[in-house]
Amino acid sequence: NELCNDDRAGIGVVLGVRSDGALYIHKICAGGAAEGTSLMVGDVIVGIDGEDMYRKQPGKVAALLLGLPGSIAKIEVNRSADNRRVVNHIERSHTDPEAARRAMEEAVNEEQLSKLGNARSCDRIC
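Rules used in this analysis
Residues numbered from 1 in each chain as written. Predicted model: local features only at pLDDT ≥ 70, side-chain atom pairs only at ≥ 80, totals over all residues. Heavy atoms only, no water. Buried < 20%, exposed > 50% of the residue type's maximum accessible area, 1.4 Å probe, protein only. Helix = DSSP H or I, 4+ residues; strand = E, 2+ residues; numbered from the N terminus. Core = buried A, V, L, I, M, F, W, Y, C linked by side-chain atoms within 4.5 Å. Contact = heavy atoms within 4.5 Å. Salt bridge = Lys/Arg side-chain N within 4 Å of Asp/Glu carboxyl O.

Q: Honestly, the pairing of strand E2 (residues 13-17) in this entry has me stumped. Any pointers?
A: In terms of residue burial, E2 counts as a mostly covered element, since five of its five residues are buried. Every second residue of E2 is oriented toward a common face, with Val13, Leu15 and Val17 on one face and Val14 and Gly16 on the other, all of them buried.

Structural data, given as structure tokens:
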């Protein structure tokens, strides 16, 4: 697991990888930029700033979520709950390190408890 904590800013989410390789939002960090937007846990990330992200490597997706504080990330997701695409424009900001740490710990604990056939893997906070 890697914590993205340099001078770049992100949207405050923990990414997970589904067994089919799709990246999804596993957790939204309290106080992070994504909190209060229409992004939801379980949304599959399919585009960032117009670039197709479906089944891309987690590091590539994380790198594109990061940017200068105050810059805007255009995040396109598939929402399986109602089978639709949702687009959000989110201003990147620094996530409180303690909130990020808690979100990652919760995600890892959930991962370890999961016995589902479509196992997921937590990867990064960005």
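Okay, back to it.
Q: Help me understand the nonpolar core, please; the structure alone is not making it clear to me.
A: Soluble globular proteins tend to bury their nonpolar side chains together. Formed by 20 residues in total, the largest nonpolar core has its most connected members in Ile11, Leu15, Leu39, Ile45, Val61, Leu65 and Ile75. Not counting residues up to four positions away in its chain, the partners in contact with Ile45 are Leu15, Leu23, Tyr24, Ile25, Met53, Tyr54, Val61, Leu65, Glu76 and Val77. In this structure, Val14, Cys29, Ala100 and Met104 belong to the second largest nonpolar core, which totals six residues.

Q: Got a minute to help me understand the pattern of salt bridges in this structure?
A: Close approach of charged atoms allows side chains with opposite charge to pair. Here the structure, examined in full by the defined rule, presents eight salt bridges. Between Arg101 and Glu98 there is a salt bridge whose closest N-O contact spans 3.4 Å. Taken together, the residues Arg101 and Glu98, both in helix H2 (residues 97-113) and three residues apart, mark about one turn of the helix. Overall, Arg101 belongs to the partly exposed group, its relative accessible area being 37%. Among the salt bridges present, the one from Glu98 reaches Arg102, with a minimum N-O distance of 3.8 Å. Of this pair, Glu98 and Arg102 both sit in helix H2, four residues apart, which is roughly one turn of the helix. Taken together, the shared-partner salt bridges connect Glu98, Arg101 and Arg102 into one network.

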